[in-house]
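So you can see what is in the structure, the chains are spelled out below.
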Amino acid sequence: MTPEEQNFLRKIEAEEKIEPKDWMPADYRKNLIRQISQHAHSEVIGMQPEGNWITRAPSLRRKAVLLSKVQDEAGHGLYLYSAAETLGISRSEMIEQLQTGKAKYSSIFNYPTLTWADVAAIGWLVDGAAIVNQVSLQRTSYGPYARGMIRICKEESFHQRQGYEAMLALAKGSPEQKAMAQDALNRFYWPALMMFGPHDSASAHSQKSMEWKIKRETNDDLRQKFIDQTVQQIEVLGLDHPDANLKWNEERGHYDSSDLNWDEFWSVINGNGHCNRQRIEHHVAAHEEGEWVRDAMAAYNEKKRAKQAQNAA
Amino acid sequence: MSDAIKAATLEYATRLGDDSVVLGHRISEWVSYGPFLEEDIAYGNVALDYIGRARMFYTYAAELADDGRTEDDFAYMRSDREYRNLLLMEMPKGDFAYSQVRQLFADAYYTLVLPELLQSKDETLSAIAAKGIKETKYHLRRSRDWVLRLGDGTEESHKRTQKAVDALWGYTHEMFDMDETEQMLADAGIAVDVSKLRDAWHKMVSDVLIEATLTVPEDSWAVRGGRTGYHTENLGHMLTEMQITHRSYPGCQW
Ligand SMILES: [Fe+2]
Ligand SMILES: [Fe+2]
Ligand SMILES: [Fe+2]
């Protein structure tokens, strides 16, 4: 083992953060780039299903709250792209990987938002699940990522509360609103559980990530945490729990629950969900339509620089 | 407040609310469609300012109406024939140049209108203006910078931007029209006499266009009608989308 490698492992062991200028194994770097860029892409693609309701939000207050949430997600994307850039990859490379399907984003955003209640459900369940994952990542070994998570988590908890509050308004509203809330819960509950990834036994990246303390808790443990915390929230809403097999297990101190539909999980991951194609096409279309704008900006800046150089001469 | 003044102020606040909600909605259509992520965030910001401003104007209108209506009734329960926004605000989002030119026209307008409204004897209108002035400084800086970059960028961006200027110019004239309602309020020191702002607006906008190597159009055509509810075909579609959820579930709380 080289001294650099020893030093790296010592730091990991001692819970010291790895910083951009520190030596790190190539695989550690690769693993991190994969995870952080995937997280960034998720924030960005996640703007679409929620953005789908900005122009149809049912009240001015909800419209403003949603606009502001989607804007926060864009900010998270930006922040995470910068964190990934500290590892030596550029934003445009990452965007290309997203658009060519080389990089993934969270599968949850391949589910369609069909009613207003879906926006509420996403805030509550999807941001809720993201927080469970991200609280754990606040202790991740790579410094810029850990610090990013601390900052982002604050906003995600805000989103989660707002989503739950929007859900509560529906659940306590008219029978039609309540039905809309139940329908959204039924559809988004399962994909939200899938956000934690496959069972640990089937997770390709889990083991090394745990050793390097990129990941701090296993997929199944985090999922259990989310299942447990959601039970009472559903009760308060007065909605039916989507899982008929949910049962408190005194011995484990956790809820037992149905296994997930892993065929659906892999199918969506592999690009065949309701919205996979639409999400990427949307991103590509906006990116391509923006090309002449980016070109104009570059040309203008170039002219300015040339003029300044001339004046200075 | 006399009944006539009260009714006119209600109408005035509604008009200003309509301007804000319609423009805010149009800007919000850009979210996730911007040329890069920073622009998505910036668009979100500006849209939020306008939706916030609409809420303040409508809340005041509802207070004056005192008939149980809320801000949402003003936004969601009126048809395009009842909306009183300026036509410029309802024009579709178009391409990036079109939206930024519209924004420059609007931002220059508010840069002039809001300081006047700040002087209003009506404290609520004045307070809304105070908040809007700060926001508008940022908006104008942004739309001005973009028109400069696009006008003086590439051949393509120049062409697109000039086309947008020419297409939108004829909708700007009505921004400076006064009618009886607004004249009465202006005489009472409540409303802004916008007819006095046209020259300053023309200069402000022309300066930017010229610096951007663009041509300032001749005043050869003008379309009017926003303040009387005589709209373009665009507003009906916009409101259909904006109001669908609210109207589909009458009387619900959200
Ligand atoms: Fe986020
Ligand atoms: Fe996130
Ligand atoms: Fe969020």
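Before reading on, note that the structure itself is shown above.
Model, not experiment: these values are computed from the prediction. (Residues numbered from 1 in each chain as written. Chains lettered and ligands numbered in written order. Predicted model: local features only at pLDDT ≥ 70, side-chain atom pairs only at ≥ 80, totals over all residues. Heavy atoms only, no water.)

(A) View of the overall build of chain A. If you tally the helices and strands in chain A, you get 13 helices and two strands. A compact globule built from 313 residues would reach a C-alpha radius of gyration of about 20 Å, and chain A, at 21 Å, matches this within 12%. Based on the C-alpha atoms only, the size of chain A along its principal axes is roughly 75 × 55 × 30 Å. Considering chain A as a whole, with its 313 residues, one finds that 53% of them fall into the buried category. Sequence separation of at least 24 residues holds for 76% of the intrachain contacts in chain A that already meet a minimum separation of 6. Taken as a whole, chain A presents about 14,300 Å² of accessible surface, with 51% of it coming from carbon and sulfur. (Helix = DSSP H or I, 4+ residues; strand = E, 2+ residues; numbered from the N terminus. Rg over C-alpha atoms; globule rule 2.2 N^0.38 Å. Buried < 20%, exposed > 50% of the residue type's maximum accessible area, 1.4 Å probe, protein only. Contact = heavy atoms within 4.5 Å. Areas by Shrake-Rupley, 256 points an atom, 1.4 Å probe, with all protein chains shown as cover.)

(B) Just the environment of B:Val22, in detail. All names here are of chain B. Inspection of the secondary structure puts Val22 in helix α1 (residues 3–28). According to the relative accessible area criterion, Val22 is buried, its value standing at 0%. Contacts of Val22, omitting those with residues within four sequence positions, involve Tyr83, Asn85, Met89, Glu90, Leu235 and Met238.

(C) The arrangement of unusual backbone geometry in detail. All names here are of chain A. Positive phi outside glycine occurs at Glu15, with the angle close to 60°. On the secondary structure map, Glu15 appears in the loop between α1 (3–13) and α2 (26–45). A relative accessible area of 42% means that Glu15 is categorised as partly exposed.

(D) Local environment of the coordination of the iron ion (ligand 1). Residue and element names in this part refer to chain A. Every protein donor of the iron ion (ligand 1) is listed here as Glu43 (OE), Glu73 (OE), His76 (ND1) and Glu156 (OE), and their distances to the metal cover 1.9 to 2.1 Å. In this structure the iron ion (ligand 2) is found 3.5 Å away from the iron ion (ligand 1), and Glu43 serves as a bridging donor for the pair. One end of the pair, Glu43, is in helix α2; the other, His76, is in helix α4 (residues 60–85), with 33 residues separating them in the sequence. Summarising the burial analysis for this pair, Glu43 and His76 share the class buried. (Donors = N, O, S within 2.8 Å, 3.2 Å for Na, K, Ca; no water.)

(E) The arrangement of the interface of chain A and chain B in detail. With 45 residues of chain A in contact, the opposing surface of chain B contributes 47 residues. Both faces considered, chain A and chain B share a buried interface measuring about 4,000 Å² in area, 68% of it formed by carbon and sulfur atoms. Here chain A is connected to chain B by three salt bridges. Its salt-bridge partner being A:Glu289, residue B:Arg160 comes within 3.9 Å of it at the nearest N-O pair. Put simply, chain A and chain B have 17 residue pairs in polar contact (both at pLDDT 80 or more) between them. Secondary structure elements with two or more residues in the side of chain A that touches chain B: α3 (47–51), α4, α7 (143–171), α8 (175–194), α12 (276–289) and α13 (291–312) of chain A. With 14 residues, the top contributor of residues to the side of chain A that touches chain B is α4(A). Classifying every residue of the side of chain A that touches chain B gives 24 nonpolar, 11 polar and 10 charged. (Buried area = accessible area lost by both parts, 1.4 Å probe. Salt bridge = Lys/Arg side-chain N within 4 Å of Asp/Glu carboxyl O. Polar contact = N/O pair within 3.5 Å; in protein donor to acceptor, adjacent residues only side chain to side chain. Nonpolar A, V, L, I, M, F, W, Y, C, P; charged D, E, K, R; others polar.)

(F) Up close: the packing of aromatic side chains. Residue and element names in this part refer to chain B. Counted by the stated rule, this structure contains 24 aromatic pairs over all chains. With a centroid separation of 5.7 Å and an interplanar angle of 90°, the aromatic rings of Trp30 and Phe96 are classed as edge-to-face. Of the two residues, Trp30 sits in the loop between α1 and α2 (37–65) while Phe96 sits in helix α5 (residues 96–118), which places them 66 residues apart along the sequence. Considered together, Trp30 and Phe96 belong to a single accessibility category, that of buried residues. Seen from their ring centres, Trp169 and Trp201 are 5.5 Å apart, and the 40° between their planes marks the pair as tilted. Of this pair, Trp169 sits in helix α7 (residues 155–169) while Trp201 sits in helix α9 (residues 198–211), and the two are 32 residues apart along the sequence. Neither residue differs from the other here; Trp169 and Trp201 are each classed as buried. (Phe/Tyr/Trp six-rings, centres within 6.5 Å; stacked < 30°, edge-to-face > 60°.)

(G) View of the pattern of salt bridges. Scanning all chains against the criterion turns up 40 salt bridges over all chains. A salt bridge links B:Glu38 to A:Arg91; its shortest N-O distance comes to 2.4 Å. In this pair, B:Glu38 sits in helix α2 while A:Arg91 sits in helix α5 (residues 91–99), so the two residues belong to two different chains. Overall, B:Glu38 belongs to the partly exposed group, its relative accessible area being 30%. One salt-bridge network, held together by shared partners, links B:Glu11, B:Arg15, B:Asp19, B:Asp179, B:Glu182 and B:Arg227.

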